Structures are given as C-alpha cells and as structure tokens.
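Each chain, letter by letter, is given below.
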Amino acid sequence: MDSTNPKIFAQGLPTPEPETPCRPRQPYRFSTLCATVENPSQKDQYGSSSVPIYQTATFKGISGQYDYTRSGNPTRSHLEHHLAKISSAAHAFAVSSGMAALDTILRMLKPGDEVIAGDDLYGGTNRILAYLRTHGGVTVHHVDTTKPDTVLPYINAEKTAMVLLESPTNPLLKVVDLARIAADIKERAPDAIIVVDNTMMSPYLQRPLEHGADIVYDSATKYLSGHHDLMAGVITCNRDDLAKKMGFIINAAGNALTPFDCFLLLRGSKTLAIRMDRQQATSMLVAQMLDRLGFKVHYPGLAGHPNRDVHERIADGYGAVLSFTTGDKALSERIVGATRLWGISVSFGCVNSLISMPCVMSHASIDPATRAARGLPEDLIRLCVGIEDPADLLDDLERALLEAGAITLTAGGDSHQRFVRTIPSEGTAISRAVQKLTFNESAGYTTECNEDREWFVSAPGKVILFGEHAVVHGITAVAASVDLRCYGVTTPRHDGKVSVHFIDIDSFRQEWEVDDLPWDAVTPVRVGDFHPDALDHKLVDAITTRALSPEVLAKPSARQACIAFLYMYMIMAHGGSRPSFNFSARATLPVGAGLGSSASFSVCAATALLLLYSRIQLPAQPAPTTDGHVHVSHGGRRAIPPALAEEVNRWAFVSEKILHGNPSGVDNSVAVFGGALSYTRSGFGRNAGMIPIQGFKSLKFLLTDSRVPRNTKQLVAGVAALKEQEPEFVNGLLNAIQYISDEAQRALADPQLSRQTLLSALSALIDENHGYLVKLGVSHPSLEAIRSKTASPPYTLSTKLTGAGGGGCAVTLVPDDLSESSLRELMAALSKDSFVPYLTSVGGSGLGILSPYNQPQPLATPPETPHKGEADAGAVELLCDTFAGKATADLSAWADSLGRWLFV
C-alpha cells in the first residue's frame, strides 16, 4: 500500500483564501486534520490554543446552548466536531465506552427485528447480542461475513433491521468486503441499518461511511485515545434521522462522555496518525518474523492473508494488531508469560505493546463450544503493537519464544546459526486433540497398556540457599534441587483395589476398593484441560469423611498424603478408566526437615498417575547411531519435553495445595525442573514470580538434619510480630537479605566467574545471610551447634540454616579442595553429636522417569509386566518388592543401575 500518497479529504478545516489565483490551497490531509482542533462555530473567548475543560454539571441562564452537561457540554462539542471531521461524518457522538456506543445503537431495535452479525466479533459484542436475543426478542444470525454470498440467505426485507460488521475482525483479522455487503443489503433490505465496528482500524486507516455504512462506532479507549488512560466510545453517521434517534438515547440514558475524558480523548486523537504509522510499520516486522519462523500468522499485511486485495481496496493501512497460533495452548501460555516488554493485558491500541490469549481473556465470555464452532483456536496469541523501538520488541518476543520452547537455535546450510520453529512434539497439540476424542468421548476406553506395567519415577528435594523467611515479606529467595530424591513405583494389582505404601511414614499401608471410593463427588478434569485454581473441596471432604478410616485420620502425615493421592487419582479419571494398582513411595531425603520432601512426593505421585491415565506420553526412542546418523547420549538429560514437565508441575502444585494449603510453588517447580531458580512473592512492589537461573553450576553441600522438629507457622508469626514491633530494624535486615539474594543470583549465573571466586563469594554470603536470620530470631541451638562444628578448624566451612529454621536442616558449602578424609571426619563428628549429615550436590536434574525402552534386566517394567500371579511364580522380579527392601543408602545406586533414566 502506498503510504506516500495519503488520501485527501474533501471535508476539513476552512482553508484561507488563496493569496493568488495561480496557487489555490488544497484541502488538509489527515495528519493535519488530527493535529489541528478548530471549530469555527465555537471560538474560545480568550484564544486558548488548547480546548478548555468545562468541568461543570450545570450552566446558568435560560435559553442558552447548554444547560446540563448530560445533555451537552462545550468540551464535548469540540471533541464531537473534531471526530466527525476526521471520520468523513456529518455527526459524531462521544459516550462512556465502546460498549456504551454499541448499546446506544442497538437500542434502536425492537422485538421481532433480525440482526445479521459476523461470527468473529469482539467478546463483549457477542455478549450483548446474546442478551438481546434472550431478553429483547431480537433474532441474531451469526454469519461468516468474509464470504458476502453467505449473508444473502439471511436478508429479509421485512425483518432485517440491522447488519453488524467488523473488518478486520478481532482477533483472527478476517477481512470483510464492507462495500459489497453494504450494496447487497441496500438492494434487498433498504431500511436495514448497516453498522461497522471500526475499532481495529481507526478513522486514519479506514472510514466505513465512505463504503456504504450507515453508522460507524469505535472504542475510543483504543487507537483514538492511544494511551489507555480513559474509557470512551465514538459513534459517527451521516444520516440526520439516525443522529436524532441516537442523540435522544444518549441524553435519556446519560452515557455521554465526561468533560475531562473529552479533553483527554481530544488530546490523544491529535497524535493518532503519527502513532499509527509507527505501530503498523512495526507490526509488519513482527508478522514477517513470526511468518518466517513458520507460525500461522493472521495479519492483512502478509501476502497470503485471505482477502488481502479487499482490505487494500477499502483501507489505507494494515493496522497494528496481529495474531498467531502455536499448536499448543500450554506453549502459548508459556510464550505470553515469558515476555517482558509485551504487557499481558486485554484491549489494544495504546502506545505500549500488549500480548494476550483471547480465549482466556477478551473472548472468555464466549463459551468454548461456540469458540470451537467459529474456528477460534484456544492456543491463539494476539499481539497489539505499540510505539517502542521495533528492535526491542522483536528481541523480546524472540527471547520469549526461545524460553518457552517454541523456537530453537540451529545451524543453517550456510553454517550460520538461526532460529527455527520447534514443531510441537507428541503430547502437545495433536495428541491433546486425540486424547480428548479418545478419552473424553469413549466411555469404554481403558489405560490397560499403561496399567499393565510398573512405572518408576523420581524427583529431587530442594534447598533454600538464600532468602528463607524473608521470602514471606517479598524478599527474593534462591532455591536449588539436591540429589537426594523421592522415588515412586506403581505396580499393577488387577483385583479392583488401589493401594499405597508410604515406606518413610512408619511403612504405612492402606488399600481401597476402587468402586467404593466417593466417585459421586468427582467433577473430573478432562484430558487436555487444566485443574481450576481452587481445589474441589467437595471431593476433599468426601475423601476425608468417606474413604479414610479413623486410624488413618489419626496419622496427620499419612492422612494428608492419602488425600492428595486419592484426589488426583479420582479427578484424573476419564472414559470409565479406574486402574487397579499399588503406589509405593520412599526417599533418600529426610522427611520433614525442610528439604522439600512433600513436593518431591507430590511430583512422583502426579507423574505416576499421569502415566497410568496416559495423560502424558514419553517421547519416542531416539534413533540409534548408524553410518548416516550419530546419536549423542546426554545421560537422559532434557529427554523429557517441556510440555510434559509443565503438565506434571501443574498437578504437583494441586497436590501441594492439599498438603500445605497455600504453597508458593517453589518446591514443586524445583522438584520438576531441577537446577536453580529465584522466587519473589507478589504484592510487595517487586517483579514477582519464578525465574530459572541459567548456567547454574553444580555445587557440593553438606546437609545436616538437626532432628529437631520445626514449627513453621510459629516461626513465621514470630518474625511478623517482630516486624510490627520494630519495623525499621526488621526492614533493614530484609533489605540486606535482598541484596544477598541479588548478589547470589548474579554470581551463580555468571559464566565468566571462576570456580574459586564463586565458592569464595557464596561462602561469604552464606555467613552474612545466617547472621541476619539469627537477628530475626529463627535459628536454634542445635543449628548453631552444627554451624560451630563446621566452622571450627581444620574445616572452616560456612553454614547457615535452611527452610523455616527453629530446627530442621543446616546447609554447609563444601569447597572443591576439602579432602575426602576431612569430610568423612566432619560427618562422623556430626553423627556423634546425634545429627544426621547428608553429602549432596545442588543444582542437578529434576523429574526422572525410568525409560520404558531397552531395560537391561528382566524387571517388571514396560512393556512386559506380568500379572501378580505370574510374578509370584518366579517369572519376573517385581520392582516394588526390591524397592521396599533396599537400604536407604543403596537406593539411589540401585535405581541408577536399572537402566536409562529420562530427565527434565
């Protein structure tokens, strides 16, 4: 489209008389009309260069032009004159919002009228049309208006009262031939009113009144204002009769725009042209980048966009909104969450760039079935481009795509590295669709193939390196995985029962008849859908009162673990499948010592159940090394795809809610993804959320269990009480701890920092952090005894409490140059003092699943698990039997020996 030849308006400002007949002046162009606010009939008495705000409700006198601001106001008159001028309109009205504008227009309908509307409209438009259909006696036909011929069968000369159009549509950017449909309607139903929502284009790029529309409305909250600092709607038309009706409705309903908002809108509209030029130029760059990467992009500026020729005929530009699909809703959510410059928000049209998922935001009011019928993808991402530097926006989006796993860096044929799209793997988009068809619609389906095998899973514990306790008050905590792990094994039963064996909780055992569980209380979560934010307390109560015996209820740890297990077992059930199996769990982690043992249990239980129900699927076995292909072994690292890990993490968080009530999500995230991350709670003025620490180097730590029980709630309450009594003192400590966390993050993520410098820095930060925790009153004599022992010669090591303090564990940094003999001597000395030391590495792999492929031993792992009777006959050794009997010290080595593990 040739932007160097902008359309010239016949209607504009009064132009001065020419100084010479040889050089007459031309009508002003759009940018000039926008920037120049003049109303010859309302000259300011003082010559103000900016329209004054007449912030008054009433006007004195009688028979004047204005008496009551609801009916008229000079500031609003200036604005409406200006809007009519730039919209090729004879009349303009400013109201309180875009939906107020549509409501004003629709009030001209009466019962029995019929409306023809597009099938890809803004969610609020659908909502008000649905209301009219239900309560106003108005018939609404939703039609694919991108094909003008599909409109014809619905035109009824006697009943069609209004046709509601939008081009391009929101959010799929479908192009509608406004001129042709307007001509068809006028020919067949002359009395029908043709209404166009022009919000996506603004008057700068499209003026539907020039193409046969009777009424045009905009949400002026968007481009006309441009700053998202006001709510406003604009209606324009050329017909006097329609203007009279709408003017009456606005005055009667009282939804006219306030004087101050009129002033803001008038000010914002002056820069409309210059803003839109920058926004749509950047939009083209964004669309081209996404298109080049292989995403399906909806943007009229792309050569292959449907009806692009129609759009170029009726519009003067392509706009600044585009959308694209990824193939997977979870992937789209990760992309949206990974951006920094692109603000996550509904609406569009402001100077700042925005990103959203329409199906869960602006169009969430349309029910899922209707969205699906109208072809609105659940994974759709909408981008609303602002005026930031194009290079920054492209870089931020590219980084988000990379972080989310939507693209990857690869070498091209010319040996240069470039980004390419990552094709959604099995278990994402296509498999989710297949799962929904197979599992949700086929009641006879069972997960027999996954039920007839033993699954072996594991997840690491975690250690808070910096920021514990302070994290409750908005300070950033740094957490990392430890190579002490929880393990879980599922074993088929085939007797109609489900059972658990929690070896670390006094070897607790419990079984249930599957059919006797309170299934009537279950509202299942369909395959491919997400668990709601809130727990289903009806199901929790039913499990507690109807499935647990008094003996189980009397054991708090076992009780909560049983509730979490049964809750996930029941709410995941689908298609009539209720597998019969045993789940055994145990850990090399000390339980209840603040090392995330409950989160690692939650991850193991969630993973096992997701596998049994086939709600997650492992990647196919990699191709072996041949003459034409080299397979590089990574020890199973990164073998579990991100989408699978995200699904496990969501369900593990559900389990953590049952176990702890209001968890932060840190523990389960570390247990799933491994490595290290920083976490900041929301509501304290800092950037909240969890951020992986890239490039984290594995470190050796000594974890020492004091064997002193902790009262976390009492300790947290104590710090809160101290903060209330001495706010300056406590806030000073908290700020100091924030500085420590910031320093630790920088050091851990710095690839240029030498190992020795890193260890030295961490040692100093550990000592400093512990000192502040002592001042907060959360240490314990046992922890100080451990610290004293490790700091004494010849060890001179740095130690701090971890977790809630008041007992639990202490963490000691072990430098690389500490000899094995000295380390053994220290551990023996700690053991002699009745403490329990664990030597561990921090920052290792997350969730692990024993690969179902090519196991070296004839164990009862997939795909050849026998029934229990066959195992008893000695045909195959069952994993669960050996698993329960292994000494804790030998458990990890035995698990590693079973074959290849797949890790996140």
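Remember, predicted model here, so these are calculated numbers, not experimental data.

**Overview of the environment of isoleucine 155**
So, step 1. As for its placement among the helices and strands, isoleucine 155 is situated in the loop between strand E3 (139–143) and strand E4 (160–166).
So, step 2. On a C-alpha basis, the gap between isoleucine 155 and arginine 188 in space is 7.0 Å, while along the polypeptide they are 33 residues apart.
So, step 3. Those residues in contact with isoleucine 155 that sit more than four places away from it in its chain are Ile116, Thr160, Asp184, Ile185, Arg188 and Ala189.

**Details of the packing of aromatic side chains**
So, step 1. Applying the stated criterion to the full structure yields 20 aromatic pairs.
So, step 2. Their ring planes at 50° and their centres at 5.7 Å tell us that phenylalanine 456 and tryptophan 894 sit as a pair that is tilted. Of this pair, phenylalanine 456 sits in strand E15 (residues 455–466) while tryptophan 894 is found in helix H29 (residues 888–897), placing the two residues 438 residues apart along the sequence.
So, step 3. Residues phenylalanine 583 and phenylalanine 601 carry aromatic rings whose centres are separated by 6.3 Å and whose planes lie at 55° to one another, so their mutual orientation is tilted. Remark: phenylalanine 601 occurs in helix H19 (residues 597–612) and phenylalanine 583 occurs in strand E19 (residues 581–587); sequence separation between them is 18 residues.
So, step 4. Assessed through its relative accessible area of 11%, phenylalanine 601 is described here as buried.
So, step 5. By way of ring pairs, the aromatic residues Phe502, Phe508, Trp519, Phe565, Tyr569, Phe581, Phe583, Phe601 and Tyr613 are connected into one cluster.
So, step 6. For the cation-ring pair, arginine 578 lies above tryptophan 519, with the distance from its terminal atom to the ring centre recorded as 4.0 Å.

**Examining the pairing of strand E18 (residues 508–513)**
So, step 1. Note: strand E17 (residues 497–502) against E18, 6 bridges, orientation antiparallel. Each residue of the ladder has a partner; that of phenylalanine 502, found in E18, is phenylalanine 508.
So, step 2. Between E17 and E18, which pair antiparallel in sequence order, lie 5 residues; one of them, aspartate 506, sits at a positive phi of approximately 55°.

**A few points about the packing of helix H3 (residues 98–106) against helix H4 (residues 123–135)**
So, step 1. With their axes 11 Å apart at the nearest point, H3 and H4 run at an angle of 30° to one another. With respect to H4, the element H3 is oriented roughly parallel. Crossing geometry of H3 relative to H4 is assigned as right-handed. Between H3 and H4, the contacting residues are Met99, Leu102, Asp103 and Leu106 on the first element and Gly124, Thr125, Ile128, Leu129 and Leu132 on the second.

**Observations concerning the sheet that holds strand E1 (residues 91–95)**
So, step 1. Read from one edge of the open sheet, 7 strands run E1-E7-E6-E5-E4-E2-E3, paired in mixed fashion. Whereas interior strands pair on both sides, the edge strands pair on one side only; in this sheet they are E1 and E3. Within the sheet, the average angular offset between the axes of one strand and its neighbour, ignoring direction, is 20°.
So, step 2. Sheet topology note: the E1/strand E7 (residues 233–237) ladder contains 5 bridges and is antiparallel. For valine 95, the partnering residue across the bridge sits in E7 and is glycine 233.
So, step 3. Contacts between helix H2 (residues 74–86) and the sheet are confined to E1 and E7, with E1 contributing the most and set at about 130° to the helix.

**Some remarks on the pattern of salt bridges**
So, step 1. This model, assessed by the stated rule, comprises 28 salt bridges.
So, step 2. Residue aspartate 214 pairs with arginine 239 through a salt bridge whose shortest N-O separation is 3.6 Å. On the criterion of sequence distance, the pair formed by aspartate 214 in the loop between helix H6 (202–205) and strand E6 (215–219) and arginine 239 in the loop between E7 and helix H7 (240–253) is long-range, its members being 25 residues apart.
So, step 3. Residue arginine 239 is classed as partly exposed on the basis of its relative accessible area of 29%.
So, step 4. Of the charged contacts, one joins arginine 650 and glutamate 647 as a salt bridge, the two residues approaching to 2.8 Å between their closest N and O atoms. Of this pair, arginine 650 and glutamate 647 both sit in helix H20 (residues 642–660), 3 residues apart, roughly one helical turn.
So, step 5. Look at the salt bridges and you will find they share partners, linking Asp149, Arg180, Asp184, Glu187 and Arg188 into a network.

**A few points about the state of the cysteines**
So, step 1. On inspection of all chains with the given rule, the structure shows 0 disulfides.
So, step 2. Cysteine 604 takes part in no disulfide bond, and the closest cysteine sulfur, belonging to cysteine 486, lies 4.1 Å away.

**Some thoughts on the confidence of the model for the chain**
So, step 1. Per-residue confidence for the chain averages 85 on the pLDDT scale, and 87% of its residues sit at or above 70.
So, step 2. The secondary-structure element of the chain with the lowest mean pLDDT is helix H14 (residues 429–440), recorded at 38, while E7 shows the highest, at 98.
So, step 3. Every residue in residues 1–12 is under pLDDT 50, and counting partners more than four places away or in other chains gives 26 contacts.
So, step 4. In the model, residues 425–449 has pLDDT below 50 throughout and makes 49 contacts with residues more than four positions away in sequence or in other chains.

**Concerning helix H16 (residues 537–546)**
So, step 1. Within H16, the full set of buried residues consists of Leu539, Val540, Ala542 and Ile543. Down the axis of H16, the smallest arc covering the buried residues is 165°, so these residues share one side. Opposite the buried face of H16, at more than 90 degrees from it, the exposed residues are Lys538 and Thr545.
So, step 2. The inward-facing, buried residues of H16 abut helix H18 (556–571).
So, step 3. Measuring from the backbone nitrogen of lysine 538 back to the side-chain oxygen at the start of H16 gives 3.2 Å, which picks out aspartate 536 as the cap.

**Some remarks on unusual backbone geometry**
So, step 1. In the segment running from serine 167 into proline 168, the intervening peptide bond is cis, with an omega of -10°.
So, step 2. Secondary-structure assignment places proline 168 in the loop between E4 and helix H5 (178–188).
So, step 3. Residues proline 793 and proline 794 are joined by a peptide bond in cis, for which omega reads 5°.
So, step 4. Note on placement: proline 794 falls in the loop between helix H25 (781–791) and strand E23 (799–802).
So, step 5. Positive phi values are uncommon outside glycine, yet asparagine 307 reaches one of about 65°.
So, step 6. One non-glycine residue, aspartate 506, lies in the positive phi region at around 55°.

Reading the values: rules and limits
Residues numbered from 1 in each chain as written. Predicted model: local features only at pLDDT ≥ 70, side-chain atom pairs only at ≥ 80, totals over all residues. Heavy atoms only, no water. Helix = DSSP H or I, 4+ residues; strand = E, 2+ residues; numbered from the N terminus. Contact = heavy atoms within 4.5 Å. Phe/Tyr/Trp six-rings, centres within 6.5 Å; stacked < 30°, edge-to-face > 60°. Buried < 20%, exposed > 50% of the residue type's maximum accessible area, 1.4 Å probe, protein only. Lys NZ or Arg CZ within 6 Å of the ring centre and 35° of its normal. Pairing = 2+ DSSP bridges. Axes fitted to C-alpha atoms, helices over the stretch in contact; angles between N-to-C directions. Parallel < 35°, antiparallel > 145°, perpendicular 65-115°, else oblique. Left-handed = near helix turned anticlockwise from the far one by under 90°. Salt bridge = Lys/Arg side-chain N within 4 Å of Asp/Glu carboxyl O. Disulfide = S-S within 2.5 Å. pLDDT = per-residue confidence, 0-100. Arc of directions from axis to C-beta. Polar contact = N/O pair within 3.5 Å; in protein donor to acceptor, adjacent residues only side chain to side chain.

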